[in-house]
Amino acid sequence: MRGISLYVHIPFCAARCPYCDFATAPATSALRARYLDALVAEIAREGALLGRPRVRTIYVGGGTPSLLEPDEVGRLARALAEAFTVRPREVTVEANPATLDRARLEAWRAFGVTRLSLGAQSFSGRGLRALGRTHQPDDVAPAVDAGRSVGLRVSLDLIFGWPGQTPAEWRADLGAAISLGVDHLSCYPLELELTREDAVANWPGGGWPTLARWRAATAATQPDDRAIAVLYAMAHRHLARAGYRHYEIANWARPGSRSLHNAVYWRSGEWLGVGAGAHSHLAGARSHQPAALPAYIERVERALGRIADAAGDPAAEEAMLRLRLDTGIDIGRSAARWGTPASARIRGALVTSARRGLIRWSGERATLTPRGRILANEVFVRLLP
Amino acid sequence: MTEAQERIRNFCVIAHVDHGKTTLSDRILETTGTVNARQMRDQMLDNMDLEREKGITIKARAVRMAWTVAGEPYELNLIDTPGHVDFNYEVSRSLAACEGAVLLVDVSQGIEAQTLANAYLAVEQGLEIIPVINKVDLPNVDLDLVREDLRKALGFRDDEILLTSGKSGLGVRELLDAVVARVPAPTGARAAPLRALIFDSHYDQFRGVVAHVRVVDGEVAVGDRIRLFATDKEADLLELGTFAPDPRTRDRLLTGEVGYLATGLKTVQDCRVGDTVTLAIRRALEPLPGYRPAKPMVFAGLYPQSSDDHPALKDALEKLKLNDASLIYEPEVSQALGFGFRCGFLGLLHLEIVQERLDREYGVDIIATAPSVEYRVLTTRGAEVAIDNPAMLPDLTTIEEIREPWMKVTIIVPTQHVGAVMELAQGKRSALAEMTYLDPTRAMLRYEMPLSEVIVDFYDQLKSRSQGYASLDYELEGYRAADVVLLDVLVAGQPVDALSTIVHRERAQHTGRALVSKLRELIPRQQFDVPIQAAIGGKVVARETVKALRKNVIAKCYGGDITRKRKLLEKQKAGKKRMKMVGQVEIPQEAFLAVLRTGEAPS
Ligand SMILES: Nc1nc2c(ncn2[C@@H]2O[C@H](COP(=O)(O)OP(=O)(O)O)[C@@H](O)[C@H]2O)c(=O)[nH]1
Ligand code: SF4
């Protein structure tokens, strides 16, 4: 067996960031202990059902996994070691600046972490306030240093396109990340989902109307699309000059520092996701767990397993995901897997997009052009049956 | 007159939608023992789909019932009437088949414009009217107010007015007794050659066209060869009978009776509402009065969403026409929309019904252009041409005069909304002909107004400005000279013929601006700037730009949640499907109806 990748979801956060769509819950949640019990139980059950497969990459995401107490991290590590053959090439943990003290960092080192993904978002006080974040600009550098001091690779998340952001401010953020010398960067335009999400149920009193109001007001004052496109192009240019390769729509890496775990998503590999709101792709089928904590816990306690996703169109999905990468898609090689009608459809759609300057062909390989990257949905939407 | 003929009572119920006609009719069927309670439920379920969904009765039919008064048996025929303003002519034919009408008014609503119009029509045709106030079981109702409506509008005396409740059954027996006592028996000469009035017809797969008729003179029997006056068609009667409410076959229908004739004809075009049936060998000299061919008033282009569907659309229209004599269509080509059909309808509701049936029964996805009226254009060379498609308007220099249809419009509205309604009508080039108060709470306004103004969202506006209380009726008044111009729309520099409209000169600029700004909202951003212009005779009067799309990406990868992404994309995709490529620009279906909505107050 080739092995799988593993995603572990830790929903707890110190505060809820108002733009965030992930399955999150307060760190002080009364369900925290039961959640961890459920998580451990799910890990054991899945490990047994899958026949204790080898785990090649692990990604502990959230939420804010760096908030876990050392003993909780240890318990998770033991559960994983029992359920799977854990010999990973990459183990990432997500952290927020100002949460990683010495003891926690040690616990994660013992867990086997090789890579730290830091939710910096911005180095500007104005930016952090506009995004409703609680940490301070000065918290980021120490967190980066702490990770490096114990030999971890470090990735930073930055968000652009917040209300009032100027090109100069964005250049300053990019410059700060570059001068910290991080290995990997994810830069996301601020996207605000205006329909209700399930995870809000985990936040007592933090009702959807308040969030929706914040999002509507923020969306109304965000820079317009044209300005956001300019900021995106700036990231491409500045990071390229600093030696970062724009290898995925929203991800940049120094040579040899691409995320192995995320590559599994983009290449339609096999992964198991455990925890609330986690998604899996195993044996060609996609599935997920509910985002609301009580629903998740109940499912695990009743040993109900994951919820199957409605069947999509595998060819279109695979093409969409691969196109996100700078390596694009080799349509000749994919055709064998999809069959003739599907591959003819995908090829036709890509030819149309090429005519619009969104796709570039080199032989049988199609990749997004720079314009295609920021208009990727225009390409993807045509791939759907 | 024979004894049997003396005992026939033909009547219908005139009522506004929701005033309780269906409920009361069911009670009548039950009370006369025509159907029992269980059958009634079944029947109601059967009819529910069509009638409930449309909120109106599309096809009239008749039910034969027995009722005994003072030991004497009577034959009652209850003839259904369509309940919408677009079907005025059909209503008038149903009325012509009756000697009496029950005028049903919901006590909590009062009389509505259309009901009143139909009641006037019935009075003109010499029908005996029985005024009935319905739903009297409701609490806190003001009977006197409704009595005053009936007194003022139609001159009834209080002691003529009956009270019913379809819900509790109260007053139903009294109503039936009143029908027998007040409605005259049908006159008509038994010995004369057959003359039967067709008040409805529908196509049946097994029997061909079934005509619903009232025998006015003479009689008709199975096997007779019948002849239709207007169309000169002949047919051998395979079957005839009455409905009770399911079909009961009979050997013959006699003078004064109501029933159906199975003609075996292949299309309702051959057997039209209002036409007269006679016998081929013993023909009547004259048809019954009042026939007129269906006359479409509102026109729109219907185009298949995808050109592959053109044969399917043609086929569907052909099939619809089998059953709908008032639908007309002919092929048309639009530069923007390709091959399609210009269709004529009785009114907006008729258009909606056809559109919906095309979608639901035939699964053809269509784009409809904004509805237009028929203009009569007098050319400088003295010819008169009818123009039902704005894009076909001849060159202005060759036009002597353009004339457009005007309507007589009746609106009944609660007094507190009179101001709002008058304001609305003022913006519609209308002239107030008359205003009267039906009672202290309700006013009746009569206007003369161009039809082109009525079809451009007048009804919706009327409803919203009166909080839903105003009711509307209209009929053709005639053609009048119009000072109109052709307003063209250019998208990305290219004229889109399907968006052309004919508008009043004074308002052209305003409409142009409103249309262009509406289109700017509706046309999604493309990968390049799209200018939208409105022009009159080549001169641009309004311009807007749809700014190019700069960003459309879902950047974040939610722990491999592809399903979420796919859903978002599928939503975008569904949007794209409803688009039509015009040149390089994707234009959504709604845009072709935008013309309709330019009257909205700026928000
Ligand atoms: N209270 C009361 N409600 C009634 C009566 N007759 C009908 N309704 C209600 O009025 C509504 C319209 O009735 P319906 O017979 O469908 O009206 P139609 O549209 O005129 O055929 C329905 O919700 C009925 O339940 C009645 O006598 N009393
Ligand atoms: S800390 Fe991260 S996961 Fe938690 S709410 Fe903020 S953005 Fe979302």
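Residues numbered from 1 in each chain as written. Chains lettered and ligands numbered in written order. Predicted model: local features only at pLDDT ≥ 70, side-chain atom pairs only at ≥ 80, totals over all residues. Heavy atoms only, no water.

Undergrad: Any chance you could break down the overall build of chain B for me, citing the residues and the numbers?
TA: Each helix and strand in chain B was counted, giving 14 helices and 33 strands. Taking all 603 residues of chain B together, 55% fall into the buried category. For chain B, restricting intrachain contacts to residue pairs at least 6 apart in sequence, the fraction spanning at least 24 positions comes to 71%. For chain B, the exposed surface amounts to about 25700 Å²; the carbon and sulfur share of it is 50%. (Helix = DSSP H or I, 4+ residues; strand = E, 2+ residues; numbered from the N terminus. Buried < 20%, exposed > 50% of the residue type's maximum accessible area, 1.4 Å probe, protein only. Contact = heavy atoms within 4.5 Å. Areas by Shrake-Rupley, 256 points an atom, 1.4 Å probe, with all protein chains shown as cover.)

Undergrad: Report on the packing of helix H13 (residues 340–355) of chain A against helix H15 (residues 376–383) of chain A, specifying residues and quantitative values.
TA: Residue and element names in this part refer to chain A. Two elements in contact, H13 and H15, have axes separated by 8 Å at closest approach and are oriented at 150 degrees. The angle between H13 and H15 falls in the class roughly antiparallel. Crossing angle aside, the handedness with which H13 passes H15 is right-handed. Side by side, H13 and H15 meet where Arg345, Ile346, Ala349, Leu350, Thr352 and Ser353 of the first sit next to Glu378, Val379, Arg382 and Leu383 of the second. A per-class count over the contact of H13 with H15 returns 5 nonpolar, 2 polar and 3 charged. (Axes fitted to C-alpha atoms, helices over the stretch in contact; angles between N-to-C directions. Parallel < 35°, antiparallel > 145°, perpendicular 65-115°, else oblique. Left-handed = near helix turned anticlockwise from the far one by under 90°. Nonpolar A, V, L, I, M, F, W, Y, C, P; charged D, E, K, R; others polar.)

Undergrad: A description of the sheet that holds strand S20 (residues 366–368) of chain B should follow, citing residues and the corresponding values.
TA: Residue and element names in this part refer to chain B. Taken in spatial order, the 4 strands make up an open sheet running S18-S19-S17-S20, and their pairing is antiparallel. Since the sheet does not close on itself, it has two edges, and those belong to strand S18 (328–334) and S20, each with one partner. The sheet shows a mean angle of 30 degrees between the axes of neighbouring strands, taken without regard to direction. Judged from the 5 bridges that link them, strand S17 (residues 298–304) and strand S19 (residues 338–345) form a sheet pairing that is antiparallel. If you follow Val298 over to S19, its bridge partner there is Phe345. Against the sheet, helix H8 (residues 310–322) makes contact with S17, S18, S19 and S20, and its axis sits at roughly 15 degrees relative to S19, the strand it touches most. Where helix H9 (residues 348–362) meets the sheet, its contacts fall on S17, S19 and S20, and the angle it forms with S17 comes to roughly 15 degrees. (Pairing = 2+ DSSP bridges.)

Undergrad: Go over the interface of chain B and chain A with me, naming the residues and quoting the values.
TA: Counting residues at the interface gives 28 residues for chain B and 40 residues for chain A. Counting the surface lost from both chain B and chain A, the interface buries some 3500 Å², and carbon and sulfur atoms represent 54% of this. Together, B:Gln527, B:Arg550 and B:Lys551 form the three largest contributors to the area buried by chain B at its contact with chain A, with a combined 21%. Scanning the region where chain B abuts chain A turns up 3 salt bridges. B:Glu586 is the partner of A:Arg382 in a salt bridge, and the nearest nitrogen-oxygen pair spans 3.7 Å. (Buried area = accessible area lost by both parts, 1.4 Å probe. Salt bridge = Lys/Arg side-chain N within 4 Å of Asp/Glu carboxyl O.)

Undergrad: Give me the lowdown on the pairing of S19(B), citing residues and values where you can.
TA: Residues and elements named next belong to chain B. Within S19, 6 of the 8 residues are buried, which leaves it mostly tucked inside the rest of the structure. As paired elements, S18 and S19 share 7 bridges and run antiparallel to each other. Paired with Glu332 across the two strands is Gly340, which belongs to S19. Where S18 folds back on S19, the antiparallel hairpin that results is connected by 3 residues.

Undergrad: Talk me through the packing of helix H4 (residues 88–96) of chain B against helix H5 (residues 113–124) of chain B; I want residue IDs and the actual numbers.
TA: Residue and element names in this part refer to chain B. For the pair H4 and H5, interaxial distance at closest approach is 10 Å and the crossing angle is 40 degrees. Comparing their axes, H5 and H4 come out oblique. The chirality of how H4 crosses H5 is right-handed. Along the contact surface, H4 presents Asn88, Val91, Ser92 and Leu95, while H5 presents Asn118, Leu121 and Ala122. Here the residues of the contact of H4 with H5 sort into 4 nonpolar, 3 polar and no charged.

Undergrad: Which residues make up the pattern of salt bridges, and what values go with them?
TA: In total, this model carries 64 salt bridges over all chains according to the counting rule given. Among the salt bridges present, the one from A:Asp326 reaches A:Arg258, with a minimum N-O distance of 2.9 Å. You can see A:Asp326 sitting in the loop between helix H11 (314–323) and strand S15 (329–330) and its partner A:Arg258 sitting in the loop between strand S10 (251–253) and helix H9 (260–266), a full 68 residues away along the chain. Of the charged contacts in the structure, one is a salt bridge between B:Arg507 and B:Glu453, with a shortest N-O distance of 3.1 Å. Residue B:Arg507 is located in helix H13 (residues 505–522), and its partner B:Glu453 is located in helix H11 (residues 451–455); the two are separated by 54 residues in the primary sequence. B:Glu453 gets classed as buried once you look at its relative accessible area, which sits at 5%. Here the salt bridges share partners, and the residues they tie into one network are B:Arg225, B:Arg227, B:Asp232, B:Glu234 and B:Asp236.

Undergrad: Explain the site of ligand 1 to me, using residue names and the numbers behind them.
TA: Residue and element names in this part refer to chain B. Ligand 1 sits among 16 residues. The nearest are Asp18, Lys21, Thr22, Thr23 and Asp137. In the model, an oxygen atom of ligand 1 is placed 2.2 Å from a nitrogen or oxygen of the Thr22 side chain. For ligand 1, whose accessible area on its own is 580 Å², the fraction buried by protein is 74%. Taken together, the residues that form the shell around ligand 1 break down as 2 nonpolar, 8 polar and 6 charged. (Near = heavy atom within 4 Å. Polar contact = N/O pair within 3.5 Å; in protein donor to acceptor, adjacent residues only side chain to side chain.)

Undergrad: Tell me what's going on with the sheet that holds strand S4 (residues 100–106) of chain B, and back it up with residues and numbers.
TA: Residue and element names in this part refer to chain B. The mixed open sheet is built from 6 strands, whose spatial order is S2-S3-S1-S4-S5-S6. This sheet does not close on itself; its edge strands, each paired only once, are strand S2 (62–69) and strand S6 (162–163). Running over the sheet, H5 touches strand S1 (8–15), S4 and strand S5 (128–134) and is turned about 150 degrees from S1. Across the face of the sheet, helix H7 (residues 172–182) comes into contact with S1, S2, strand S3 (72–79), S4, S5 and S6 while running at roughly 170 degrees to S5.

Undergrad: Explain the nonpolar core to me, using residue names and the numbers behind them.
TA: The biggest cluster of nonpolar side chains holds 102 residues, and the ones touching the most others in it are A:Leu39, A:Leu156, A:Leu350 and A:Leu383. In contact with A:Leu156, other than residues within four places in its own chain, are A:Leu118, A:Ala120, A:Phe123, A:Val140, A:Val144, A:Ala177, A:Val182, A:His184, A:Leu185 and A:Ser186. Ranked by size, the runner-up nonpolar core spans 49 residues in total, among them B:Leu351, B:Val421, B:Leu462 and B:Ala470. (Core = buried A, V, L, I, M, F, W, Y, C linked by side-chain atoms within 4.5 Å.)

Undergrad: Would you mind going over the side chain of B:His417 in detail, with residue names and values included?
TA: Residues and elements named next belong to chain B. Considering the arrangement of structural elements, one finds His417 in the loop between strand S23 (399–414) and helix H10 (418–426). According to the relative accessible area criterion, His417 is buried, its value standing at 8%. Contacts of His417, omitting those with residues within four sequence positions, involve Arg465, Ser466, Gln467 and Tyr469.

Undergrad: Lay out the site of ligand 2 in plain terms, naming residues and giving numbers.
TA: Surveying the vicinity of ligand 2 reveals the residues A:Cys13, A:Ala15, A:Arg16, A:Cys17, A:Tyr19, A:Cys20, A:Thr24, A:Gly62, A:Gly63, A:Thr64, A:Asn96 and A:Arg133. Of the residues assigned to the shell around ligand 2, the class counts are 5 nonpolar, 5 polar and 2 charged.

Undergrad: Please set out the packing of aromatic side chains residue by residue, giving values where relevant.
TA: All told, the structure shown has 11 aromatic pairs over all chains when counted by the stated rule. Ring-pair connections join several aromatic residues into one group, and the members of that group are A:Phe160, A:Trp170, A:Tyr232 and A:Trp252. When the ring centre of B:Tyr479 is taken as reference, the NZ or CZ atom of B:Arg376 above it lies at 3.9 Å. (Phe/Tyr/Trp six-rings, centres within 6.5 Å; stacked < 30°, edge-to-face > 60°. Lys NZ or Arg CZ within 6 Å of the ring centre and 35° of its normal.)

Undergrad: Describe in detail the confidence of the model for chain B, supporting the description with residues and values.
TA: In low-pLDDT segments, the atomic positions of the prediction should not be examined closely. Residues and elements named next belong to chain B. Residue-level pLDDT values for chain B average 86, and 93% of them are 70 or greater. Taken as a whole, residues 44–60 scores under 50 in pLDDT and shows 32 contacts with residues more than four places along the chain or in a different chain. Confidence drops under a pLDDT of 50 for residues 599–603, and excluding neighbours within four residues, the segment shows 3 contacts in the predicted structure. Scored as a whole, the predicted complex attains pTM 0.64, and scored at its interfaces, ipTM 0.79. (pLDDT = per-residue confidence, 0-100.)

Undergrad: Which residues make up unusual backbone geometry, and what values go with them?
TA: Cis geometry is found at the peptide bond from A:Gly62 to A:Gly63, where omega equals 15 degrees. In this structure, B:Lys135 is a non-glycine residue whose phi angle is positive, near 65 degrees. For B:Lys135, the position within the fold is in the loop between S5 and helix H6 (143–154). Residue classification places B:Lys135 among the partly exposed positions, given a relative accessible area of 23%.

Undergrad: Which residues make up helix H8 (residues 225–241) of chain A, and what are the values?
TA: Residues and elements named next belong to chain A. Under the 1.5 Å per step criterion, the end-to-end length of H8 is 25 Å for 17 residues, consistent within 8% with the ideal 24 Å. Every buried residue of H8 is listed here: Asp225, Ile228, Ala229, Leu231, Tyr232, Met234, Ala235 and Leu239. Check the buried side of H8 and you find it contacts strand S7 (153–160), helix H6 (167–180), strand S8 (184–189), strand S9 (245–248), S10 and helix H14 (370–374). Just beyond H8, the residue with positive phi is Gly243, at close to 90 degrees. (Expected span 1.5 Å × (residues − 1).)

Undergrad: Pulling in residues and values, what's your account of the environment of B:Arg507?
TA: Residue and element names in this part refer to chain B. In this structure Arg507 comes out as partly exposed when scored by relative accessible area, which is 27%. Arg507 sits 23 residues away from Val484 along the chain, and the two C-alpha atoms are 9.2 Å apart. Beyond its immediate chain neighbours, meaning those up to four positions away, Arg507 contacts Gly427, Arg429 and Glu453. At 3.1 Å, the side chain of Arg507 forms a polar contact with the side chain of Glu453.

Undergrad: How would you summarise helix H3 (residues 102–111) of chain A if you had to cite specific residues and measurements?
TA: Each turn of an α-helix holds 3.6 residues, which means side chains three or four residues apart point in the same direction. All names here are of chain A. For H3, the complete set of buried residues consists of Arg104, Leu105, Ala107, Trp108 and Phe111. The arc enclosing the buried residues of H3, seen along the axis, measures out at 160 degrees, which places them on a common side. Exposed side of H3, more than 90 degrees from the buried face: Arg102 and Ala110 are the residues found there. (Arc of directions from axis to C-beta.)

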